[in-house]
Amino acid sequence: MAIKLNLQRQSFLGADSETVLERSRAALVGLGGGGSHIAQQLAHIGLGHFLVIDPDFIEDTNLNRLVGATLEDVGLGTAKVDIAERVIKSVNPSAEVVKRLASWTEVTAELRGVDVIFACVDSMSCRSELESFARRFLIPLIDIGMDVHELNGEFSISGQAMLSMPGGPCMRCMGLVTDDGLAKEAERYGAAGGKPQVVWPNGTLASVAVGFLMKLVTPWETQKVAPLLLEYDGDMQTVTPSNKLPYLPTHCKHFVSPHELGDPFWTVEALASVFFS
Amino acid sequence: MRTILKLTSALYDDLIRRLREPHDFAAERVAFLKCRPALSATSLLLLAGGVHHVEDGDYVDDPSAGATIGRSGLRKALQTAYTEAVSMVHVHLHEHRGRPGFSRTDLRENALFVPDFWNVQPSLPHGAVVFSFDSAVGQCWIPGSSSPSGVEVAIVGSPMRCTWKVPNGY
């Protein structure tokens, strides 16, 4: 018999909240420091369906921040998707976890069917491509990112969490993706060395990201509209609505054409093969 | 395989507002969602990108139905499907809460006119959806199939509203 999570303490989320969460489907793209935190929280809140995607195996340098990973995993070289599945199932054995040891671009058919995508990826180009995909299939995308910068011989931690809602402002509208930034990233392509990453900023941003989802699927109040972009100042330990928010367009100026919706390679044969096979 | 109609909450709000506007003689208004299809691993997705509204003059005064579209109105809808290469989903609103249902007239007329869109877009699915204030049901005609399959509806916004998550209304 399947063991059911007791969600009594979050019943304020609404009479139907348990059912809604149980029937909701989220994809986590990237299961490193941010994604592993989100997976754990989504398991606790009772999300029913997970699609976890990451092509990587754990390394010893991941252990400072990858939630659920153990020294034994490092020794075994466990896949990050396997660690995520183990964490989720250990909290909620009833959850369905579809895991893909792959890049998200290799599992787009599955990704099209989710209710929401969590983007926990490192590069601007990857988050930009993922957002384009999400817009094409009318999927809300929740993105988190953090960085450690060196300033005058000291270090500064910052980051952001944002909700990209189809029809609303996108990452380009918010200035998180720019042509200049993409060009600079392309110049650095292949440069050796990992970026600095630590567990607590990831945890803060992951919690904000899960909050975005909860406001979408089980809103506990309807009067307050949550900001779409929250900025994290790791030095001051604050999360605040971005100063850019009052200047954002109501509607996105970058994803406007209805031709950018749906399958660009649609064929009736593909439809027939799945419907009548 | 499920069929899911997805539309943004902005498009939905505009659609419902227009459907509720009074007409000189028609008891209700109808429109068509212009959709582009996609397949996911488990579903056929109909992704709505706009609305083809039926103009006031294209309704026929027919007391036997809430709204009847004349030949000119149907021709314009067919033209939109052809020129914009879109799946057309006929929509109307039942002004109540809870799960709506197609009337016998709806079911009979859907079966007659929805497959007509294959005359102009034979490779695309087409359908019909009836909304209530907090739910929806629909039918979809898949190319190659003579009978319709059911349609579930997701309104993408904050909050997300999906007909399959809460049985009696989102």
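Below or above, wherever it landed, is the structure these notes cover.

### With respect to the overall build of chain B
In step 1: From N to C terminus, chain B includes three helices and 10 strands.
In step 2: Its helices and strands in sequence order give chain B the pattern β-α-β-β-β-β-α-β-α-β-β-β-β, from N to C terminus.
In step 3: Rg of the C-alpha trace for chain B: 15 Å, near the compact-globule value of 15 Å for 170 residues, within the 12% margin.
In step 4: Dimensions of chain B, computed from C-alpha atoms along their principal axes, come out at roughly 45 × 35 × 30 Å.

### Digging into unusual backbone geometry
Note: most residues except glycine have negative phi, and most peptide bonds are trans.
In step 1: The omega angle of the peptide bond from Ser-158 of chain B to Pro-159 of chain B is 10°, so this bond is cis rather than trans.
In step 2: Tracing the chain through its elements places Pro-159 of chain B in the loop between strand S9 (149-156) and strand S10 (161-162).
In step 3: The phi dihedral of Leu-138 of chain A is positive, around 55°, even though this residue is not glycine.
In step 4: Leu-138 of chain A gets classed as buried once you count the C-beta atoms within 10 Å, which come to 25.
In step 5: With phi around 50°, Asn-152 of chain A is a residue other than glycine that occupies positive phi space.
In step 6: Mapped onto the elements of the fold, Asn-152 of chain A is located in the loop between strand S5 (141-151) and strand S6 (154-164).

### Thoughts on the interface of chain B and chain A
In step 1: Facing the 30 residues of chain B at the interface are 31 residues of chain A.
In step 2: Within the residue set of the side of chain B that touches chain A, elements represented by two or more residues are strand S1 (2-8), strand S2 (30-39) and strand S3 (43-53) of chain B.
In step 3: Looking at which element gives the most residues to the side of chain B that touches chain A, the answer is S3 of chain B, with six residues.
In step 4: For the side of chain B that touches chain A, a count of residues per class yields 16 nonpolar, 10 polar and four charged.

### Comments concerning helix H1 (residues 9-19) of chain B
Residue and element names in this part refer to chain B.
In step 1: Along H1, the residues classified as buried are Leu-11, Tyr-12 and Leu-15. Buried residues in H1, looked at end-on, bunch into an arc of 100°, giving them a common side.
In step 2: On its buried face, H1 sits against S1, S2, S3, strand S6 (87-93) and S9.

### Concerning the pairing of S5 of chain A
Residue and element names in this part refer to chain A.
In step 1: Two strands pair when backbone bridges link them, and strand S4 (residues 116-119) and S5 are joined in this way by three bridges, in the parallel orientation. Its bridge partner lying in S5, Ile-117 is registered against Leu-141.
In step 2: Relative to S6, S5 runs antiparallel, the two being bridged by 11 bridges. When the sheet's bridge partners are listed, Ile-144 is paired in S6 with Ala-161.

### A few points about the environment of Val-87 of chain A
Residue and element names in this part refer to chain A.
In step 1: Mapped onto the elements of the fold, Val-87 is located in helix H4 (residues 80-91).
In step 2: Sequence-wise, Val-87 and Ile-53 are 34 residues apart; in three dimensions their C-alpha atoms are separated by 15 Å.
In step 3: Not counting residues up to four positions away in its chain, the partners in contact with Val-87 are Ala-39, Gln-40, Ala-43, Val-67 and Gly-68.

### Observations regarding the nonpolar core
In step 1: In terms of nonpolar packing, the biggest core is built from 116 residues, with Leu-28, Val-29, Ile-117, Phe-118 and Ala-209 of chain A touching the most fellow members.
In step 2: Of the residues forming this core, the biggest block, nine residues, is contributed by helix H8 (residues 199-217) of chain A.

### Considering the packing of helix H2 (residues 33-45) of chain A against H8 of chain A
All names here are of chain A.
In step 1: Packing of H2 against H8 leaves a shortest axis separation of 8 Å and a crossing angle of 45°. One element, H2, and the other, H8, form an angle in the oblique class. Considering how the two elements wind past one another, H2 and H8 form a crossing that is right-handed. Of the residues in H8, those touching H2 at Gly-33, Gly-34, His-37, Ile-38, Gln-41, Leu-42 and Ile-45 are Val-199, Asn-202, Gly-203, Leu-205, Ala-206, Ser-207, Ala-209, Val-210 and Met-214.
In step 2: Taken together, the residues that form the contact of H2 with H8 break down as nine nonpolar, seven polar and no charged.

### Section: the packing of helix H6 (residues 124-136) of chain A against helix H7 (residues 179-187) of chain A
Residue and element names in this part refer to chain A.
In step 1: Following both chains from N to C, one finds H6 and H7 inclined at 130°, their axes separated by 9 Å at the closest point. In terms of orientation, H6 lies oblique with respect to H7. Residue-level contacts link Met-124, Ser-125 and Ser-128 of H6 to Gly-181, Leu-182 and Glu-185 of H7.
In step 2: Looking at the contact of H6 with H7 residue by residue, the classes come out as two nonpolar, three polar and one charged.

### Structural notes on the sheet that holds S6 of chain A
All names here are of chain A.
In step 1: With mixed pairing, eight strands are arranged side by side in an open sheet as S3-S2-S1-S4-S5-S6-S7-S8. Edge positions in the sheet fall to strand S3 (96-100) and strand S8 (238-241), since each of these pairs with one other strand and no more. The mean angle between the axes of side-by-side strands here comes to 15°, regardless of whether they run parallel or antiparallel.
In step 2: Note: S6 against strand S7 (residues 229-233), five bridges, orientation antiparallel. Paired with Gln-160 across the bridge in S7 is Glu-231.
In step 3: The strands that H2 touches are strand S1 (25-29), strand S2 (49-53), S4 and S5; relative to S1, the one it contacts most, it runs at about 160°.

### What to know about the pairing of S2 of chain B
Residues and elements named next belong to chain B.
In step 1: Where burial is concerned, most of S2 is hidden: nine out of the 10 residues are buried.
In step 2: In this structure, S2 lies alongside S6, joined through six bridges in antiparallel fashion. For Phe-32, the partnering residue across the bridge sits in S6 and is His-90.
In step 3: Looking at chain direction, S2 and S3 are connected through nine bridges and run antiparallel. Each residue of the ladder has a partner; that of Leu-39, found in S3, is Leu-44.
In step 4: From the end of S2 to the start of S3, which pair antiparallel, there are three residues.

### As for H2 of chain A
Residue and element names in this part refer to chain A.
In step 1: The terminal C-alpha atoms of H2, which comprises 13 residues, lie 19 Å apart, in line with the 18 Å expected from a rise of 1.5 Å per residue.
In step 2: Of all 13 residues that make up H2, 10 are buried, and the element is covered over most of its length.
In step 3: All of the buried residues along H2 are Gly-33, Gly-34, Gly-35, Ser-36, His-37, Ile-38, Ala-39, Leu-42, Ala-43 and Ile-45.
In step 4: Immediately beyond the C-terminal end of H2, within one or two residues, lies Gly-46, with a positive phi of roughly 95°.

Quick notes on the rules
- The written sequence of each chain sets the order in which its residues are numbered from 1.
- Each chain is given a letter, starting from A, and each ligand a number, starting from 1, according to the order in which they appear as written.
- In view of the model being predicted, local features appear only for residues whose pLDDT reaches at least 70, and side-chain atom pairs are presented and counted only at 80 or more, with totals across whole chains, interfaces and linings using the full set of residues.
- Runs of E in the DSSP output that reach at least two residues are strands. Runs of H or I that reach at least four are helices, and both are numbered from the N terminus.
- Radius of gyration: C-alpha atoms only; globule rule: 2.2 Å multiplied by the number of residues to the exponent 0.38.
- Exposed residues have 12 or fewer other C-beta atoms within 10 Å of their own C-beta, buried residues have 20 or more, and residues in between are partly exposed; the C-beta atoms are placed from the backbone.
- What counts as a contact is two residues whose backbone-derived C-beta atoms lie within 7 Å of each other.
- For this classification, Asp, Glu, Lys and Arg are treated as charged, while Ala, Val, Leu, Ile, Met, Phe, Trp, Tyr, Cys and Pro are nonpolar and the rest, including Gly, are polar.
- To obtain the arc, one takes the directions from the helix axis to the C-beta atoms.
- Note on pairing: two strands pair once DSSP finds at least 2 bridges between them.
- Put simply, a nonpolar core is a cluster of buried Ala, Val, Leu, Ile, Met, Phe, Trp, Tyr and Cys residues tied together by C-beta atoms within 7 Å.
- To define axes, lines are fitted to C-alpha atoms, for helices over the stretch in contact only, and angles between the resulting N-to-C directions are given on a 0 to 180 degree scale.
- Roughly parallel means an angle under 35 degrees; roughly antiparallel means over 145; roughly perpendicular covers 65 to 115; every other angle is labelled oblique.
- Helix crossings are classified by the rotation of the near helix relative to the far one: an anticlockwise turn of less than a right angle makes the crossing left-handed, while a clockwise turn makes it right-handed.
- The span expected for a helix works out to 1.5 Å for each residue beyond the first.

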